[in-house]
Amino acid sequence: MGRVNTASAAPVKRYRFPFIDLKAEFASLRGELMAAVTRVFESQHFILGEEVEGLESELAEFLEVREAVTCASGTAALELALQALGIGPGDEVITTPFTFVASAGAVMQARARPVFVDIDPATFNLNPSLVEQAVTPRTRAIIPVHLFGLPAELGPVLELARRHQLAVIEDAAQAIGARAEGRPVGGLGTLGCFSFFPTKNLGAAGDGGLIATQDPALGARLRLMRVHGSGSRYHYEILGTNSRLDALQAAVLRVKLRHLSERTRRRQELASRYSELFRQAQLDKQVPAPFAPPERTHVFHQYVIRCARRDELRKFLAGSGLPSEIYYPVPLHLQPAFAPLGYRAGAFPQAEAACREVLALPIYPELDPGNQVAIVETISKFYKAEARDERREESKPS
Ligand SMILES: *Cc1c(COP(=O)(O)O)cnc(C)c1O
């Protein structure tokens, strides 16, 4: 393959904007947010209480679930979900190796064993046709992750879970508001876990998380577990922990929840625009648009392309001041923290290829559409320089 002569192809223009701009979001919501925070300070009621109850009922309605139980973080949500189902030593939980660490880390924290299954290269999500062969008599649950905001293919997973009597814990940390099977994600499986980390589509001013369920008994159990298993003061019915959402975070989230649908629509518009720009630049073969089947809505937590010579392209973009990120550079089965599981390189070729090829482009509601043009033009320049170099190589006498 020819080498790109990046020096001669380097664009002169320099841009300067961030990969994600939380300050722009704050500027647009400042009045509402400061009023909400002030209300909590005036109440001096900081733990659970009215704000948290209000948020939970608003989220239960938004997610079309019976129970929405807030907790300390998305990671805590996954850990509490596993614990509420009684999953522990000797148990296996099937999940994807191409995800944020917590999806499988929570399983390790429960002293259970994550069993990885490769992804579908078109969606980056768990490949449902590979799940069944990973089921053993020890399997207790499956954790599909709705990665980047695209719902995982749940139909076959739910059917298989019913047949084998397994729980399904949706990791919906990146996909609040996305829909599949006619419903919002998070309420389709046994339990659905969400994160309110500040950069998520619904982000707090700190950490926060949520577990959604249609099962009132599980909901009640989770409510006990997050306050030390305490039903009444200083009486402990089950072993629990401290995993509560602050009233301040709840107040902030109630403001942002009111704007979530409109902000999600903006993300979707920006995503279509990227894909259209790639088509216009005749790059849609090299940079295929993120795949979203019509029956599943993508909420574009990330806009992720797959590309040849990814690391060089990323440097080339950075050379013009254009931000991009890699989610994720190393699959979980090859991380030192998961070495005790004994997986080797080559075990999950699709996840491993994704780690080499993915590039996330900036996508947030305040993103200037002019900057999308700059990104696509610069990517186009990179590949045209590559094509030029290849032609030059070919014309050399051998
Ligand atoms: C962010 C995230 C989590 C963890 O959420 P925190 O609130 O940061 O603990 C879990 N799973 C996925 C897929 C995530 O993106």
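Sequence order as written defines the numbering, with residues in each chain counted from 1. At least 70 in pLDDT is required for a residue's local features to be given in this predicted model, at least 80 for side-chain atom pairs to be given and counted, and no such filter applies to totals for whole chains, interfaces and linings, which use all residues. Neither water nor hydrogens contribute to the side-chain values; these are computed over all heavy atoms in the structure.

1. Considering the domain arrangement of the chain
Next, step 1: Taken domain by domain, the chain holds domain 1 (6-19 + 260-395) and domain 2 (24-254).
Next, step 2: Each domain's limits were defined by an automated method or a database of domain assignments. Domain 1 and domain 2 are separated by 28 Å when their C-alpha centres are compared.
Next, step 3: Here, two residues are considered to be in contact whenever any of their heavy atoms come within 4.5 Å of each other. Domain 1 puts 34 residues into the contact, and the matching count from domain 2 is 43 residues.
Next, step 4: Here the quantity called buried area is the total loss of accessible area, with a 1.4 Å probe, experienced by two parts when brought into contact, counted for both. Among the residues domain 1 hides against domain 2, the three largest losses belong to R296, H301 and Y328. Together they make up 21% of the total.
Next, step 5: By definition here, a salt bridge exists when the distance from a side-chain nitrogen of Lys or Arg to a carboxyl oxygen of Asp or Glu is within 4 Å. Linking domain 1 with domain 2 are one salt bridge, by the criterion used here.
Next, step 6: Note that E25 and R263 form a salt bridge whose closest N and O atoms lie 3.8 Å from each other.

2. Some thoughts on the nonpolar core
Next, step 1: Take the buried residues of types Ala, Val, Leu, Ile, Met, Phe, Trp, Tyr and Cys, join any two whose side-chain atoms come within 4.5 Å, and each joined set is a nonpolar core. When accessible area is computed with a 1.4 Å probe and restricted to protein chains, residues below 20% of their type maximum are described as buried, those above 50% as exposed, and intermediate ones as partly exposed. F98, F278 and I379 are the most contacted members of the largest nonpolar core, which has 93 residues in total.
Next, step 2: It is helix α8 (residues 247-280) that provides the largest number of residues to this core, a total of nine residues.
Next, step 3: Three or more residues apiece are contributed to this core by two domains, here domain 1 (6-19 + 260-395) and domain 2 (24-254). What counts as a helix is a DSSP run of H or I of at least four residues, what counts as a strand is a run of E of at least two, and both are numbered from the N terminus.

3. Observations regarding the site of the ligand
Next, step 1: Residues are labelled near a given molecule or strand when at least one of their non-hydrogen atoms is within 4 Å of it. The immediate surroundings of the ligand are formed by 16 residues, with G74, T75, D171, S195 and K200 found nearest.
Next, step 2: Under the rule applied, a polar contact is a pair of N or O atoms within 3.5 Å (in protein, one hydrogen donor and one hydrogen acceptor; residues adjacent in sequence only if both atoms are side-chain atoms). In this structure, an oxygen atom belonging to the ligand sits 2.8 Å away from a side-chain N or O atom of Q174.
Next, step 3: Here an oxygen atom of the ligand and a side-chain polar atom of S195 are 2.6 Å apart.
Next, step 4: Method for areas: the Shrake-Rupley scheme with a 1.4 Å probe, in which residue coverage is limited to the protein chains shown. Against a free-state accessible area of 380 Å², the protein chains account for coverage of 92% of the ligand.

4. Things to note about helix α7 (residues 216-225)
Next, step 1: Every buried residue of α7 is accounted for by L218, G219, L222, L224 and M225.
Next, step 2: Its side-chain oxygen placed 2.9 Å from the backbone nitrogen of A217, D215 serves as the N-cap of α7.

5. Focus: the sheet that holds strand β3 (residues 113-116)
Next, step 1: Note on pairing: two strands pair once DSSP finds at least 2 bridges between them. Strand order in this open sheet of seven strands is β1-β9-β8-β5-β4-β2-β3, and the pairing throughout is mixed. In this open sheet, the two strands that pair with only one neighbour each are β1 (67-71) and β3. Strand-to-strand twist of the sheet, defined as the mean angle between neighbouring strand axes without regard to direction, takes the value 25°.
Next, step 2: As defined by bridge partners, strand β2 (residues 92-95) adjoins strand β4 (residues 139-143) across four bridges and the pair is classed as parallel. Bridge pairing in β4 links I94 to I142.
Next, step 3: Under this scheme, a helix contributes an axis fitted over its contacting stretch, all axes are lines through C-alpha atoms, and angles between N-to-C directions fall in the 0 to 180 degree range. Each of β2, β3, β4 and β5 (167-171) is contacted by helix α5 (residues 102-109), which is oriented at about 145° to β3, the strand it contacts most.

6. Topic: the state of the cysteines
Next, step 1: A pair of cysteine sulfur atoms is labelled a disulfide when the two atoms are within 2.5 Å. Scanning the model with the defined rule gives zero disulfides in all.
Next, step 2: Left unpaired, C71 is separated from the closest cysteine sulfur, that of C193, by 7.5 Å.
Next, step 3: The thiol of C307 is not disulfide-bonded; the next cysteine sulfur, from C355, is found 13 Å away.
Next, step 4: A relative accessible area of 4% means that C307 is categorised as buried.

7. Quick look at helix α10 (residues 349-357)
Next, step 1: Those residues of α10 that sit buried are A351, E352, A353, A354 and C355.
Next, step 2: Buried residues along α10 sit against β12 (303-306), α9 (310-319) and β13 (358-361).

8. Digging into the pairing of β3
Next, step 1: The pairing of β2 with β3 spans four bridges and is parallel. In the strand pairing of β3, T95 is matched with F116.
Next, step 2: Whether a crossover is right-handed depends on one test, that the path from the first strand over the helix to the second runs clockwise when the strands point away from the viewer. For the crossover from β2 across α5 to β3, the handedness is right-handed.

9. Let's talk about the packing of helix α2 (residues 22-43) against α8
Next, step 1: Put simply, α2 and α8 touch, their axes get as near as 8 Å, and they point 145° apart. Handedness of the α2/α8 crossing: right-handed. On α8, the residues touching E25, L29, E32, L33, A36, V37, R39, V40 and F41 of α2 are A247, L248, A251, V252, R254, V255, K256, R258, H259 and R263.
Next, step 2: Its residues placed into classes, the contact of α2 with α8 shows eleven nonpolar, one polar and seven charged. In this scheme, a crossing is called left-handed if the near helix is turned counterclockwise away from the far one by less than a right angle; it is called right-handed if the turn is clockwise. Each residue gets one label: Ala, Val, Leu, Ile, Met, Phe, Trp, Tyr, Cys and Pro are nonpolar, Asp, Glu, Lys and Arg are charged, and the others, such as Gly, are polar.

10. Description of the packing of helix α3 (residues 49-63) against α8
Next, step 1: α8 packs onto α3 with a crossing angle of 30° between their chain directions and a minimal axis gap of 8 Å. On the basis of the axis angle, α3 is roughly parallel to α8. Note that α3 runs across α8; the crossing there is left-handed. Here E50, E51, V52, G54, L55, E58, L59 and F62 of α3 lie close against α8, whose contacting residues are A247, A250, A251, L253, R254, L257, L260 and S261.
Next, step 2: For the contact of α3 with α8, the per-class residue count stands at ten nonpolar, two polar and four charged. The scheme is simple: roughly parallel for angles under 35 degrees, roughly antiparallel for over 145, roughly perpendicular for 65 to 115, oblique for anything else.

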